[in-house]
Structures are given as C-alpha cells and as structure tokens.
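Observations on the model geometry
Next come the chains, spelled out residue by residue.
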Amino acid sequence: MRNGVLSESPAVRRTLIALAVGFLTLFLVLPLLAVFSEALRRGLDLFIAAFAEPDTQAAIGLTLLVAAIAVPLNLLFGISAAWAVAKFEFPGKSLLVTLIDLPFSVSPVVSGLVFVLLFGAKGLLGPLIDDWDFKIIFAVPGIVLATIFVTFPFIAREVIPLMQEQGTAEEEAALTLGASGLRTFLTVTLPNVRWALLYGVLLCNARAMGEFGAVSVVSGHIRGLTNTMPLHVEILYNEYNFVAAFAVASLLAGLALVTLVAKSFLEGRYGDQLARAHRH
Amino acid sequence: MTVRQSLLAATAITVAFMTAIVAVRAQTTSQEVVLTNVSYDPTRELYRALNEAFAKEWQASTGQKVTIRTSHGGSGKQARSVIDGLEADVVTLALAGDIDAIARESKRLPQNWQSRLPNNASPYTSTIVFVVRKGNPKGIKDWPDLAKSGVAVVTPNPKTSGGARWNYLAAWAYELDRTKGDQAAARKFVEAIYKNVPVLDSGARGSTTTFAQRAVGDVFISWENEAFLIQQEFGADKFDIVVPPFSILAEPPVSLVDHVVDKRGSRKVAEAYLAFLYSPAAQKIIARNFYRPSKPEAADPADLTRFPKIQLVTIDQVFGGWAKAQTEHFADGGVFDQIYKPTGKAATR
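Keep in mind it's a predicted model, so treat the numbers as computed, not measured.

**Quick look at the overall build of chain A**
Broken down by element type, chain A carries 12 helices and 0 strands. Secondary structure elements in chain A, listed N-terminal to C-terminal, are α-α-α-α-α-α-α-α-α-α-α-α. Pairs at least 24 apart in sequence give 73% of the contacts found in chain A among residues at least 6 apart. Summed over its atoms, the accessible surface of chain A is roughly 14,100 Å², and 70% of this surface lies on carbon and sulfur atoms.

**Some points on the pairing of strand β4 (residues 124-133) of chain B**
Moving residue by residue along a regular strand, the side chains alternate between the two faces of the sheet. Residues and elements named next belong to chain B. Summarising burial for β4: 10 of the 10 residues are buried, a large majority. Burial along β4 is two-sided: Tyr124, Ser126, Ile128, Phe130 and Val132 facing one way and Thr125, Thr127, Val129, Val131 and Arg133 facing the other are all buried. Inspection of the sheet shows β4 paired to strand β10 (residues 292-293) by 2 bridges, in the antiparallel sense. Within β10, the residue paired with Tyr124 across the bridge is Pro293. Note that β4 and strand β8 (residues 246-250) share 2 bridges and pair antiparallel. When the bridges of β8 are listed, Thr127 appears paired with Leu249. As paired elements, β4 and strand β7 (residues 239-242) share 4 bridges and run antiparallel to each other. Bridging across to β7, Arg133 finds its partner in Phe239.

**Thoughts on the sheet that holds strand β2 (residues 66-73) of chain B**
All names here are of chain B. The sheet built from 4 strands is open, its strands ordered β2-β1-β3-β9 with mixed pairing. Edge positions in the sheet fall to β2 and β9 (254-256), since each of these pairs with one other strand and no more. Strand-to-strand twist in this sheet, taken as the mean axis angle between neighbours without regard to direction, amounts to 20°. Pairing of strand β3 (residues 90-92) with β9 involves 3 bridges; the strand directions are antiparallel. Paired with Thr92 across the bridge in β9 is Val254. Relative to the sheet, helix α11 (residues 267-276) contacts β1 (33-40), β2, β3 and β9, its axis offset from that of β9 by approximately 165°.

**Describing the pairing of β8(B)**
Residues and elements named next belong to chain B. With 5 of 5 residues buried, β8 is to be regarded as a mostly interior element. Of the strand pairs in this sheet, β8 and strand β11 (residues 311-313) are connected by 3 bridges, and their pairing is parallel. Bridging across to β11, Ser247 finds its partner in Leu312.

**Brief notes about the side chain of B:Asp98**
All names here are of chain B. As for its position among the elements, Asp98 is in helix α4 (residues 96-106). With a relative accessible area of 5%, Asp98 lands in the buried category. For Asp98, the contacting residues outside a window of four places in its chain are Ser75, Gly76, Ala79, Leu93 and Arg165.

**Quick look at the layout of surface pockets**
Taken as a whole, the largest pocket holds about 860 Å³ of empty space. Every residue lining the largest pocket is counted, 33 residues in all, and those nearest its centre are B:Gly76, B:Lys77, B:Ala79, B:Arg80 and B:Ile83. Among the residues making up the lining of the largest pocket, the classes are represented as 12 nonpolar, 10 polar and 11 charged. Put simply, the second largest pocket is a space of about 720 Å³. A:Glu53, A:Asp55, A:Arg223, B:Arg48 and B:Thr70 are, among the 26 residues lining the second largest pocket, the residues nearest its centre. The element best represented in the lining of the second largest pocket is helix α2 (residues 44-62) of chain B, accounting for 7 residues. A class-by-class count of the residues in the lining of the second largest pocket yields 8 nonpolar, 8 polar and 10 charged.

**A few points about the pattern of salt bridges**
As enumerated under the stated definition, the model contains 34 salt bridges over all chains in all. For B:Arg306, the salt bridge is made with B:Asp303, and the minimal N-O distance between the two is 3.4 Å. With a relative accessible area of 25%, B:Arg306 lands in the partly exposed category. In this structure B:Asp303 comes out as buried when scored by relative accessible area, which is 7%. Here the salt bridges share partners, and the residues they tie into one network are A:Arg223, A:Glu239, B:Asp41, B:Arg44 and B:Arg48.

**Considering the nonpolar core**
Residues and elements named next belong to chain B. Counting 109 residues, the largest nonpolar core has Trp143 and Tyr168 as its most contacted members. Element by element, the count of residues in this core is highest for helix α6 (residues 162-178), at 9 residues. The contacts of Tyr168, once residues within four sequence positions are left out, are Val190, Tyr194, His329, Phe330, Val335, Phe336 and Ile339.

**Things to note about empty space enclosed by the protein**
Think of a ball as big as a water molecule: rolled over the atoms, this probe shows where empty space is left. Under the criterion given, the structure shown has 6 cavities of 30 Å³ or more. In this model, the largest cavity occupies a volume close to 140 Å³. A:Ile129, A:Asp130, A:Phe134, A:Lys135 and B:Gly85 are, among the 16 residues lining the largest cavity, the residues nearest its centre. When its residues are assigned to classes, the lining of the largest cavity shows 6 nonpolar, 3 polar and 7 charged. Of the pockets and cavities examined, the second largest cavity occupies roughly 60 Å³. Broken down by secondary-structure element, the contributors of at least two residues to the lining of the second largest cavity are α2 and α9 (224-234) of chain B.

**Section: α9(B)**
Because the α-helix completes a turn every 3.6 residues, residues three or four places apart line up on one side. Residue and element names in this part refer to chain B. Of all 11 residues making up α9, 9 are buried, and the element is well covered by its neighbours. Turning to α9, its buried residues are Glu224, Asn225, Glu226, Ala227, Phe228, Leu229, Ile230, Gln231 and Phe234. In the segment just after α9, Gly235 is the residue with positive phi, at about 105°.

**Here's the deal with the interface of chain A and chain B**
Contact residues are listed per partner, giving 36 residues for chain A and 43 residues for chain B. Summed over both partners, the interface of chain A with chain B buries about 3,600 Å², with 63% contributed by carbon and sulfur atoms. It is A:Lys122, A:Arg223 and A:Tyr240 that lose the most area in chain A upon contact with chain B, and together they represent 19% of the buried surface on that side. Joining chain A to chain B, the criterion identifies 4 salt bridges. Across the salt bridge formed by B:Arg48 and A:Glu239, the nearest N and O atoms sit 3.1 Å from each other. Between the two partners, chain A and chain B, sit 10 residue pairs in polar contact (both at pLDDT 80 or more). Breaking the side of chain A that touches chain B down by element, the ones donating at least two residues are α3 (54-87), α7 (140-166), α9 (181-210) and α11 (229-238) of chain A. Per-element tally for the side of chain A that touches chain B: the top contributor is α3(A), with 7 residues. Of the residues contributing to the side of chain A that touches chain B, the split by class is 23 nonpolar, 7 polar and 6 charged.

**Details of the confidence of the model for chain A**
Predicted confidence across chain A gives a mean pLDDT of 88, with 95% of residues reaching 70 or more. Across chain A, element-level confidence peaks in helix α10 (residues 213-219) of chain A with a mean pLDDT of 94 and bottoms out in helix α6 (residues 126-132) of chain A with 76.

**Things to note about the side chain of A:Glu239**
Checked against the element boundaries, A:Glu239 lands in the loop between α11 and α12 (242-278). Exposure remark for A:Glu239: the relative accessible area of 11% places this residue in the buried category. A distance of 2.7 Å separates a polar atom in the side chain of A:Glu239 from a polar atom in the side chain of A:Arg223. Side chain to side chain, A:Glu239 and B:Arg48 meet in a polar contact 3.1 Å long.

About the cut-offs
Residues numbered from 1 in each chain as written. Chains lettered and ligands numbered in written order. Predicted model: local features only at pLDDT ≥ 70, side-chain atom pairs only at ≥ 80, totals over all residues. Heavy atoms only, no water. Helix = DSSP H or I, 4+ residues; strand = E, 2+ residues; numbered from the N terminus. Contact = heavy atoms within 4.5 Å. Areas by Shrake-Rupley, 256 points an atom, 1.4 Å probe, with all protein chains shown as cover. Buried < 20%, exposed > 50% of the residue type's maximum accessible area, 1.4 Å probe, protein only. Pairing = 2+ DSSP bridges. Axes fitted to C-alpha atoms, helices over the stretch in contact; angles between N-to-C directions. 1 Å grid on protein atoms, 1.4 Å probe; cavity = no way out; pocket = protein on both sides within 12 Å on 5 of 7 lines; lining within 4 Å. Points joined across faces, edges and corners; volume = space filled by probe spheres on them. Nonpolar A, V, L, I, M, F, W, Y, C, P; charged D, E, K, R; others polar. Salt bridge = Lys/Arg side-chain N within 4 Å of Asp/Glu carboxyl O. Core = buried A, V, L, I, M, F, W, Y, C linked by side-chain atoms within 4.5 Å. Buried area = accessible area lost by both parts, 1.4 Å probe. Polar contact = N/O pair within 3.5 Å; in protein donor to acceptor, adjacent residues only side chain to side chain. pLDDT = per-residue confidence, 0-100.

Have a look at this one:
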C-alpha cells in the first residue's frame, strides 16, 4: 500500500519542510542567538565582568543549591511513586496518578501562592513558624518547596510507564531466589529503569534551574539572598543592565543546550527503552 | 520495602532542609550584621549609593560590618510581601498608604509610625512629571494634553504601583484645582486620561521599559527621579522631560518594622540607618540621584538647579490623607475600578 504522505508532490513536501524549518528558526534558533549576541554585544570583558558581581554569583549559587536539593528529593519521590503505582494494586491508585500530574496543569503562580497561603505570616501555619524563628516563605526553604512542587511530575512520569510494562515477574523471581527486598530493588528494578530515570532527572533539573513563576511568588526578591538566576535576569534587565542580564540568561540558555544534547544522546543510544516509556 | 524507602526519603528531606537552613544561617551569624530594606521600584540606584555610604559610616563609628540587602518592586506588591512575612528590617515605600497597610494588616509596626521621623517620615520627596519623545512631537505641556484623543499615555497600574497612584492623584488634583473643586469634573478628566492608556505595568520600572525600551506611547507619566534616570540611561537625545506647572508633592516614607528588628536584634543599626537618610551626607546623595532632598542646604547646588519650582499640593490638602484616598479611589470597586476599562489597543510606534 502506498503511503499517503510520501506520495505528495515534491513541491508540497518542500513547502512543508521549509515551513517547519522556518518556524523553528524564527521561534527557537533566532531568540537563542539573540540572547548570546546581546550578552556579547559590548565585548567579552563586560560579559565576564557580569559574573564577577557578588549578587550574580549568589544567584547562581542559590540556583545550584535549589536544584541540588530539589532534584534528589524528586528522584526519591519519583521512584517511590512509580514503584507504588507500577508494582502494587491499591484503592485510589488512579487518583494518585492524576495527582502526580497536577503540577503540570496548575499555573506556576498558583503553585507559589499555595505556599504563601500555607506558610505566609497570615497563612494557616504562618503564626506557628514565626514563633519558631524559622523562615520558609521569602527564604531558601520556600524556594526549594516551590521548585519541588513544580518539578515533581518529571521523574515519576518517565519511570511509571516503564515500570508498569516491565511488570513484577523479575522481582518475584529475585525474591523467590532469596534476595532481600532492598537487594531486589537495587539489582533488578533500578537497573531496568536507569535510562528513563536519567532522562527524567535531566528534564527535572532543567526545570528546577529555570523555574520563574512559582519561585518569583515565594522569593521576596532580596538580592544576594533569595534571587535565583531567572529572577536575577529580570532584575538586571529592569536596571538597564542589559549586558549582564543577557550574560546570565545565556548561562540558562547554555543549560538548555546541554540538556538538549544530553537528551538526544540518551534518545539515540537508549531510544528503545525510552520509547517504551513514552508509548503509554 | 516501601517503609524503608519512605524512611530513607524522610531522612533525606530532613538532611536537605538542615543544609539549607545552615546555609542561610551561615550568612547571618558572623561578625557582620545584615539589614533588609524592602523598597519600591525606582529606588534601586538611590539605595545602592546610600547603602554603600551608610556601611562605610557604620563601620567607621562602630567597627561592625553591615550589609544591606534590598528588594525592589511595585510599592503595593512589596507591602503585600511584608504582610505575608517578608522579613524587612526597614521599609522604604512609595507612599504612606502602603506602610499604613502593613501596620493595619500585620501589626508589625505601630499605627503612629509616620510621626516617629521628621517630615512625615520622608527623608526625600519627589513629584510627578512627563517624559516625552525627543522634540515633543505631540506638543505635551500640561495635564489637559494627556486627555486629548490620539495621545497614548503610559503609566503603571495604581493597584500595585505607588508611583501610579501619585500619577492618578496628581491628575485629579490638577482638574480639581482648575475647576475650583468640581469632583465630577475631576473624575471625568482622569477617566479621559486612562482611556488613552494602552498598557498598565505592575511597577514604575516596568512602565519605564515599556515606554523607553519597547517604544510604546507618546507620554510617560513618571516620578521626577525616574524621568531623569531615563535621560541618563537612554540618552538625553531621545527623550525630553516636560514639567507641568502644577503637580503633587510625592512623599515616599520610610519606617522601621518593629516586630522584625526586635526579633532579629537589629533595632540599633536599623534606627541608625533611617536616621542616616536625614544626614547631610545622605541628603547630598539623594539630590545627586534626582530626588528632592528634605534638607536642600546639604545638597550640591548644581544638583538642586535640576528641580524646577512648580506649584505642588500635598495629599493631605487635597484628598484628606492616604487612608481616605486609598479607600475612595484604589480599593476594590473604588473610583479607579469604575473608570478604568482596558482598551487593548497598544499604540506601538
């Protein structure tokens, strides 16, 4: 049987390809190039000088710290959730799967406001926290919480379908042969999903470092203390410091490129496993 | 299995949070003292200069190193954050109404905060002027020119921005003065101006970028200090400042947040910081950064020539104070809500 798409005339095919490439160039490649060219517009010296600013360094440090806490935690949460969903039957399972997706469908502003409503000085738990002299909102813990919230689905979403497809047969075999639960997990389950896991970590990390909306709501924007890189870009831009703003933005864009390359590498090398995870 | 895992997870969370807390604490428990100043949008450059000067003076007189952290944003939004628990040792906002709101909603400072420092707790004042494109192509001279059809006016949202509320009230006060107290006429006049507004940004700085960087609008109603800054940053060959003969005296006040300084033990340095703002050294910096100093004699005379003498009315004279102006004009369902309807037509040049 002839394939309908391939039988299109060459003119139509070329138009479609040109359209797709043109669209990608206009909306993805050009803006990315613009970021780098703006950052380097006044020369490399000023570009490098932008990173000598203590506030910029603090912003980069905070972003790394937040990602270093949020990603491992979501790795744990993600595996636990995936494990529970894939290997066990329990009431409310489909509800759990739906809840995991919640951060995807909720606007980041709401994700941030939720924490203000909970931990703000006038929030539900606010007065308690004030007595303990421990800050959550407008401090690092609040930023970490908001980041964990918005990045929660990334790892679980990658691992659940794969675990579900693999079923419980191999684990059962291992347990029958006398392996402990932990050993079964470490030597059977984990290796089976490792590439999907890595893929999820990659996406989770990119979002954790790049999140703006939710973090903006809980940050308080204190420079050198609660400003992450994306927030710092906005501040620098608003201070007419365009070179520095785009210099920091180019770091974020660089992160995106690294993520993209690592992602295509994983897809090229372990495509079959990942494809299985995505078919669902 | 799952039990062990959840235990593991719980431990990891605890460890992670402890690390975070230690990281935050480490920055504050050394010899140095840290103050947080939560301020409004256009004061970024001003406080960068003032903080540096104060840190030098404090170290010279006490030997203690002081770091002042700042947060900037629309004045109303910043007040909201302080109410929600943002730990500000001092607030330096665009208008008394916002600090009143903090006192009322959070009880973190006393109601009489404004009487604790000289000049209604305002170490500097400013006023509202117009920024137009070079050569003033639309011939903007005075407030009525903003209400003409075909003029696109840029101003921030009075709900979130302090400067925007001054803009609104200045226009209202102008028409009220011209008509000898006709409130209905003033309302019509302000409504006509807001019909010409294509976009409302949340803070003064956002509006500046809209007008200067994105080239939207014919005239930008602006803080006087921000107007000078636009010329400085974008070049005097691109923009002209038009000072109307009549405007409002904007008094951006400052206050200690008592609850926070007592909890953190930073009262002494925070009080010194606010007192410093009234010192001759600070007043000089204030005039240099285009704010009108409360002690002009301390300023560089050359800086003072930049402030034209115009008729300025205060909010107390015309509107009976901030509390009244706030409920009447800017509260939910107030006059602003009644007259402003987004037009959606962005007049990009």
